[in-house]
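For reference, the chains in residue letters:
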Amino acid sequence: MRQLSRSLALSVLPLSLLSTAVAQADEVELPRTMAWTAYGTNSSGYAQAVAIGNMLQEHYGTSVRVLPGDNDVSRMTPLKQDRVDLCACGIASYYGAEGVLMFADRDWGPQPIRLLTTSTASFGLSLAVAGDVDVETPADLAGKRIAYIRGDDALNKGTEAYLAFGGLTWDDVERVDYPGYARSFDGIIAGDVDASFTTTVTPPAQQLASSPRGISWPVLDPDDTEGWERLLAVAPYFQPHEVTSGAGDVSEDNPVPSASYPYPIVVANQDLDDEVAYGLIKALQDNYDDYKDAAPGAVGYALEYQDLTWVLPFHDAVVEYYKEIGEWTDEMQAHQDALIERQEVLLEAWDAFLDDAPDDEEAFQDAWMEARAEALTEAGHDPIFQ
């Protein structure tokens, strides 16, 4: 019998006192209560977390409390402090594991997190381009006015990746800074900028599509090997994706070859109890039909949409589950082992770096990124972030 973690022990009744429904649940033993963080209450990630919580309540008697967070730090902080079991995060969970961007900070550094599951749905993540500037591929963005969102690393990294696909950098376009994501779309509609990074289904993209400028989405040819190599060198978490939902005329009948990455990305600390991690992934797969239509994008949790060789290591108990159902291969195990080794290198480098780290914030970040790259390179890993 796997043992429940001490952080949950006080909130969980003995197994003998659980409801009949829970006691009879085949191989799924979950605590009476769980807490998750997620995006804001108007987000699809929050809606999905609630839908999953309803399924867990119905089948296993587990009550899920979903705590909305306004930004990446507010979603990740309760996880770091062991105040929640899981985070239904965005790509910032990967940045946290790597200790980069907003996590290249004295209060953070690389986080020992593990992946439980992801959702990849029909939408894409792309540059929304005004329809009147004649952009068909990322290479056509040369010389165009591109939005840069101050303080939003994920959006700016996505833009950088799309530019790289076309053989471009920020130096090849006119960068236009905005204080927020929504303001950049106001700028496109007003004619002050030509493109901004987003999901294909977001309301601002719909508003742009309805404006006089219209909207277009750059095509990423899945057979352009060199283009994809350049994109993945900037942001390895992207995946080729045929987008069938999006503003404008994007549909199943008119798909766009593009890119995406999972959202939400459900992560936990590496020491999340095996029983909880195993029970959750099994419950999600066994009862998929009960929640897949209960929230936008929830269909993306299907087994067929899970990338088992992605950029974050899985929790050990999740690996055990995939082995049991015959979905885990030697190649996947080798990839998992390499990711765990990478994380160990990062954690050791961080501990060593803190001993003599600079006091100045900017100097601290610069020195850490240098130490990080050196440690990963010496261990045979690509630093990715320089």
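Residues numbered from 1 in each chain as written. Predicted model: local features only at pLDDT ≥ 70, side-chain atom pairs only at ≥ 80, totals over all residues. Heavy atoms only, no water.

Colleague: Tell me what's going on with the nonpolar core, and back it up with residues and numbers.
Modeller: The biggest cluster of nonpolar side chains holds 124 residues, and the ones touching the most others in it are Trp-36, Tyr-95, Tyr-237 and Phe-238. Setting aside anything within four residues of it in sequence, one finds Trp-36 in contact with Ala-49, Ile-52, Val-64, Arg-65, Val-66, Leu-67, Val-84, Leu-86, Ala-88, Val-266 and Leu-280. (Core = buried A, V, L, I, M, F, W, Y, C linked by side-chain atoms within 4.5 Å. Buried < 20%, exposed > 50% of the residue type's maximum accessible area, 1.4 Å probe, protein only. Contact = heavy atoms within 4.5 Å.)

Colleague: Provide a residue-level description of the layout of surface pockets, including the pertinent values.
Modeller: In this approach, a probe sized like a water molecule rolls over the atoms, and the result shows the empty space that is left. Within this model, the largest pocket holds a volume of roughly 1200 Å³. Classifying every residue of the lining of the largest pocket gives 22 nonpolar, 16 polar and six charged. (1 Å grid on protein atoms, 1.4 Å probe; cavity = no way out; pocket = protein on both sides within 12 Å on 5 of 7 lines; lining within 4 Å. Points joined across faces, edges and corners; volume = space filled by probe spheres on them. Nonpolar A, V, L, I, M, F, W, Y, C, P; charged D, E, K, R; others polar.)

Colleague: Describe the sheet that holds strand β4 (residues 113–118), naming the residues involved and giving the relevant values.
Modeller: Pairing in this open sheet of five strands is mixed, and the strands run β2-β1-β3-β12-β4 from one edge to the other. Two strands in the sheet have a free side with no partner beyond their single neighbour: β2 (63–68) and β4. Within the sheet, the average angular offset between the axes of one strand and its neighbour, ignoring direction, is 30°. Alignment of β4 against strand β12 (residues 265–269), held across five bridges, turns out to be antiparallel. The residue of β12 that forms the bridge with Ile-113 is Asn-269. Of the strands in this sheet, β1 (33–38), β3 (86–89), β4 and β12 touch helix α4 (residues 72–80), which is tilted by about 160° from β3. Across the face of the sheet, helix α10 (residues 274–286) comes into contact with β1, β3 and β4 while running at roughly 15° to β4. (Pairing = 2+ DSSP bridges. Helix = DSSP H or I, 4+ residues; strand = E, 2+ residues; numbered from the N terminus. Axes fitted to C-alpha atoms, helices over the stretch in contact; angles between N-to-C directions.)

Colleague: Run through the pairing of strand β11 (residues 256–260), naming residues and quoting values.
Modeller: Counting buried positions along β11 gives four out of five residues, so the element sits mostly inside the fold. Here strand β10 (residues 239–243) runs beside β11; their pairing, made up of five bridges, is antiparallel. By the bridge assignment for β11, Gln-239 is matched with Ser-260.

Colleague: Which residues make up the state of the cysteines, and what values go with them?
Modeller: Scanning the entire structure with this criterion turns up one disulfide. Each disulfide pairs two cysteine sulfurs, and for Cys-87 the partner residue is Cys-89, the sulfurs being separated by 1.8 Å. An S-S torsion of about 100° defines the bridge between Cys-87 and Cys-89 as right-handed. This pair shows no difference in class: Cys-87 is buried, exactly as Cys-89 is. (Disulfide = S-S within 2.5 Å.)

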